[in-house]
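Remarks on the overall topology
Next come the chains, spelled out residue by residue.
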Amino acid sequence: MSTTVDARGLSCPQPVLMTMDEIRKVGKGEIVILVDTDTSKENVSRAAESQGWRIKDVQPDGIGYCVTVSKE
Amino acid sequence: MKQFIDFDYLSGSLINICRNKTKDGFMAQLKNFFATKWGIISVGAFIGIFAALLQKWGNPGNMGICVACFERDIAGAVGLHRAEVVQYMRPEIIGFVLGSLIGAYIFKEFRPRAGSAPIVRFVLGAFAMIGALVFLGCPWRALLRLAGGDGNAILGLAGLIVGIWIGTLFLKNGYNLGRTEKTYTSVGWLMPLTMLGFFVLMLIYPQVKGEAKSGVLFYSLKGPGSKHAAIIISLAVGLAIGFIAQRSRFCTMGAFRDLILFRQTHLFMGLLTLEVFAFITNLIVRQFHPGFAGQPVAHTMHIWNFGGMVVAGLAFALAGGCPGRQLFLAGEGDGDSAVFVMGMIVGAGFSHNFSLASSPNGVGTHGIAAVIIGLIVCLFIGFTMRRRVLNEHNS
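Quick look at the structure, then. (Residues numbered from 1 in each chain as written. Chains lettered and ligands numbered in written order. Predicted model: local features only at pLDDT ≥ 70, side-chain atom pairs only at ≥ 80, totals over all residues. Heavy atoms only, no water.)

The next point concerns the overall build of chain B. In terms of helices and strands, chain B carries 15 helices and five strands. For a compact globule of 395 residues, the expected C-alpha radius of gyration is about 21 Å, and chain B comes in at 22 Å, within 12% of that figure. Considering chain B as a whole, with its 395 residues, one finds that 56% of them fall into the buried category. For chain B, the share of sequence-separated contacts (at least 6 apart) that also reach a separation of at least 24 residues comes to 80%. Summed over its atoms, the accessible surface of chain B is roughly 16600 Å², and 68% of this surface lies on carbon and sulfur atoms. One way to put it: in chain B the 32 positive side-chain charges average out to a point 4 Å from where the 17 negative ones average out. (Helix = DSSP H or I, 4+ residues; strand = E, 2+ residues; numbered from the N terminus. Rg over C-alpha atoms; globule rule 2.2 N^0.38 Å. Buried < 20%, exposed > 50% of the residue type's maximum accessible area, 1.4 Å probe, protein only. Contact = heavy atoms within 4.5 Å. Areas by Shrake-Rupley, 256 points an atom, 1.4 Å probe, with all protein chains shown as cover. Lys, Arg positive; Asp, Glu negative; His and termini not counted. Charge placed at Lys NZ, Arg CZ, Asp CG, Glu CD.)

Right under this line is the structure:
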């Protein structure tokens, strides 16, 4: 089971806030985060790592990126 | 059948492959470097050193770089206000936007986007400027003033932090201006082209010694607007800072916001380094003069130094970036940040036309009223623009 956070088109710090909310909510597992700028990609990755999550995959997705983070 | 191998072609392709690989590897490394701790630290150091040097090379006191003041000077140069001492088309601002554009293009990050509540961003820009001009500086200048020994900057920085903290409360409670949308490339080019246009105007109507006007542009004969480094130096430093700041996402508001919201120190490291290196450079070039009274382009009305920056800090937090960051975002195609910049320039017009801006003598005639109104407007925006952005749940 994975959750998707759609942070496309949202400016700082919304993508990070949404990611952190989701991390708190699910505790562990896998979260897919959709972002549309490199800044957001870096910010959500940094935020997830700071919470002990692992960056599993980063794929170009449309005009932005699809970042998958996970925690066992 | 004869096998024919074109060795020249083969070796040529191999060389090209190797070249591309090295180039891509280098670019990727460079791309990653600026996102690292050492990346943001080196950017802070660069800005700190060159801001102090720009003062040495001619810019006003403790104002090597000030995004708010310089946009105010641009507003004066094109006659949106007629405060005679603050009229100059600052090439640093032009460089910030164009440097960011270049960086964004080289690293394929130019993304034309717009449509996230532009009118709100305009109003926030205007009041951010009004607040900043009560203190007399943007966050960058607040840091540079402190690095030059101006104790009044402590009040400004404290106000800035309180304003940003209020902003984080709104953010935690769902404040949100909605999503941007991808748009035409030309939309993203409008602000860079405007800046290019400003620069061309400056070349067509250069400053004439002893003249307050050259063609359509106004110039200052005295005061901060008359003090500036050579155009080419200002532009070169501006371009360099625009480039590296776009790469590193340097943001003074974000530095405090991320620290308060997430206990994240990434951007804060950049801010701290700026302060330290500006201070060291000031010591070396003998620009450090500690005290409260008689500081350059500053006043000692503590409450309003604080209050002005509360308004500015809150407006920056609600708009998602400090004035510098808004310029860099505008350079990489963000139309909403471009609107914020326009709001700041127009806000500067109001500031001086309505006597809201401070001077070394203290706050302007209506400066205090402007701070109170600005705070009310920002609170109104923060309280009323809360929209839940729901996360999708897939199982």
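This paragraph deals with helix 4 (residues 91-106) of chain B. Residues and elements named next belong to chain B. Taking 1.5 Å as the rise per residue, helix 4 with 16 residues should run 22 Å; its terminal C-alpha atoms sit 22 Å apart, in good agreement. Along helix 4, 13 of the 16 residues are buried, which leaves the element largely enclosed by surrounding structure. Lys108 occupies a position one or two residues after helix 4 and carries a positive phi of about 55°. (Expected span 1.5 Å × (residues − 1).)

Residues and elements named next belong to chain B. Counting residues in hydrophobic clusters, the biggest one holds 112 residues, and the most contacted among them are Leu124 and Trp140. With nine residues, the single largest contributor to this core is helix 12 (residues 302-319). If near-sequence neighbours (up to four positions away) are discounted, Trp140 is found in contact with Ile47, Ile65, Phe96, Ile241, Phe250, Thr252, Cys322, Gly324 and Phe328. (Core = buried A, V, L, I, M, F, W, Y, C linked by side-chain atoms within 4.5 Å.)

Between its first and last C-alpha atoms helix 9 (residues 231-248) of chain B spans 25 Å; for 18 residues at 1.5 Å apiece the expected length is 26 Å, and the two agree. Among all positions of helix 9 of chain B, only Ser234, Leu235, Val237, Gly238, Ile241, Gly242, Ile244, Ala245, Gln246, Arg247 and Ser248 of chain B are buried.

Examined bridge by bridge, strand 3 (residues 54-61) of chain A and strand 4 (residues 64-71) of chain A share seven bridges and lie antiparallel to one another. Opposite Arg54 of chain A, over in strand 4 of chain A, you have Ser70 of chain A as the bridge partner. (Pairing = 2+ DSSP bridges.)

So yeah, pure geometry; function would need other evidence.
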